[in-house]
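Below, each chain spelled out in residue letters.
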Amino acid sequence: MTICRVLRRKRGFPAPLTSRIPQTVSLTEATVMNEAAAKPAKPHLPDAQTVTSVTHWTDRLFSFRVTRPKSLRFRSGEFVMIGLMGDNGKPLLRAYSIASPAWDDELEFYSIKVPDGPLTSKLQHIQVGDEIILRPKPVGTLVHDALLPGKRIWFLSTGTGFAPFASLLREPETYEKYESVIMMHTCREVSELEYGRKLVESLHDDPLIGEMVAGKLKYYPTTTREPSPLMGRITDNLLSGKVFADLGLPPMNVEDDRAMVCGSLAFNHDVKVVLEKFGLHEGANSEPLEYVVEKAFVGDGI
Ligand SMILES: Cc1cc2nc3c(=O)[nH]c(=O)nc-3n(C[C@H](O)[C@H](O)[C@H](O)COP(=O)(O)OP(=O)(O)OC[C@H]3O[C@@H](n4cnc5c(N)ncnc54)[C@H](O)[C@@H]3O)c2cc1C
Ligand SMILES: NC(=O)c1ccc[n+]([C@@H]2O[C@H](COP(=O)([O-])OP(=O)(O)OC[C@H]3O[C@@H](n4cnc5c(N)ncnc54)[C@H](OP(=O)(O)O)[C@@H]3O)[C@@H](O)[C@H]2O)c1
């Protein structure tokens, strides 16, 4: 199976033009269409993209998809600035990891709902057909180019830090570059793992990308406050060796293991200490090494 076949299928070619032309249009339908066309057009936001789907996972988490600007090129794992028009008439923008892979026709985002958050107190109410602002300047360090070649890639995340890995897990290059792909995701409660769990499940079930994933992807979801089959902080499970024993892998070493990290500032700091203990060094786009880090958010509390 070639990557082209995967991408062709994922992009989904549009139906032939003839099948998209309604065969009969009733007078009532035509009248409704004419009335709609006569309405004054809604003013467009600058860099506007249209929401195509919204899924609420918990009272703190939701994901949504929007149209993709034709000119937008990005590398799986990067982030962009998105937002809404603020009450003062100025764009209210925040950094967001693109959760969809680079080949997808649309863009997906996975978001927190901060009750009093300037952006997400409003963004959580978006509906299909609404517009958001998207500044088409992708950047970020969680990209394959920022790592030296290795045998195993570890994706280490907490909370919405899963978002860049939702992109990289759907990126064929991930499975071409590595023999094993280990996805560790930790949240306080089981329900907060659901978006990631469903996404990983869908990879295995996909008849095409499933072939690339089979035998390579090892998913290790844990909770820290609510009981679940696998428990504990990522740092503790790495340091104790529990994750290596559970997955039948050797302890991390500088020759074979590569890592990408995305969580709170405290999480990122503590994981870096652990990775350095295993002998890995932090890399960057300009100097690829053995691990890279991105903030999932700034601040220490909601
Ligand atoms: C590089 C980068 C990538 C990011 N990617 C994402 C993403 O993919 N999804 C996402 O939901 N957010 C992401 N964020 C955070 C995002 O930019 C906003 O902070 C978030 O959308 C909340 O915006 P707000 O205006 O409602 O509140 P803000 O004023 O921005 O934040 C208020 C407080 O809420 C808390 N908070 C903010 N974001 C989160 C979060 N994601 N998880 C837990 N607590 C949080 C912090 O304590 C913060 O001080 C990213 C941030 C950075 C720097
Ligand atoms: N999640 C919720 O239900 C909830 C509800 C209301 C408000 N909030 C607030 O929202 C903010 C973000 O909450 P969040 O749950 O999304 O993110 P978080 O506090 O960063 O926790 C997410 C996961 O990461 C773990 N973790 C946190 N710091 C770590 C570190 N230094 N090293 C290793 N693992 C670490 C946590 O384990 P531990 O459980 O061991 O800390 C938890 O399993 C917090 O300030 C919180 O007070 C959260």
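Keep in mind the model is a prediction, meaning the values are calculated, not measured. (Residues numbered from 1 in each chain as written. Chains lettered and ligands numbered in written order. Predicted model: local features only at pLDDT ≥ 70, side-chain atom pairs only at ≥ 80, totals over all residues.)

S.K.: With reference to specific residues and values, describe the sheet that holds strand β2 (residues 61–67).
M.R.: With antiparallel pairing, six strands are arranged side by side in an open sheet as β4-β3-β6-β1-β2-β5. Both outer strands of the open sheet, β4 (91–97) and β5 (106–112), are each paired with one neighbouring strand and no more. Direction aside, the axes of adjacent strands within the sheet are offset by 40 degrees on average. As paired elements, strand β3 (residues 79–85) and β4 share seven bridges and run antiparallel to each other. Looking across to β4, one finds that Met 81 is bridged to Ala 95. (Pairing = 2+ DSSP bridges. Helix = DSSP H or I, 4+ residues; strand = E, 2+ residues; numbered from the N terminus. Axes fitted to C-alpha atoms, helices over the stretch in contact; angles between N-to-C directions.)

S.K.: Outline the site of ligand 1, supporting the account with residue identities and numerical values.
M.R.: Near ligand 1, the surroundings consist of 26 residues, among which Gly 117, Leu 119, Thr 120, Phe 297 and Gly 299 are the closest. Listed by contribution, the elements that provide at least two residues to the shell around ligand 1 are β4, β5, α4 (120–123) and β11 (291–295). It is β4 that provides the largest number of residues to the shell around ligand 1, a total of four residues. Here the shell around ligand 1 is composed, by residue class, of 13 nonpolar, nine polar and four charged. Looking at which domains feed residues into the shell around ligand 1, each of domain 1 (46–139) and domain 2 (144–295) gives three or more. (Near = placed C-beta within 6 Å. Nonpolar A, V, L, I, M, F, W, Y, C, P; charged D, E, K, R; others polar. Domains from an automatic or database assignment.)

S.K.: Could you give an account of the pairing of strand β6 (residues 131–139), with specific residues and numbers?
M.R.: With three bridges joining them, strand β1 (residues 48–56) and β6 adopt antiparallel strand pairing. In the strand pairing of β6, Gln 49 is matched with Ile 132. Alignment of β3 against β6, held across four bridges, turns out to be antiparallel. Across the sheet, residue Ile 82 finds its bridge partner in β6, namely Leu 134.

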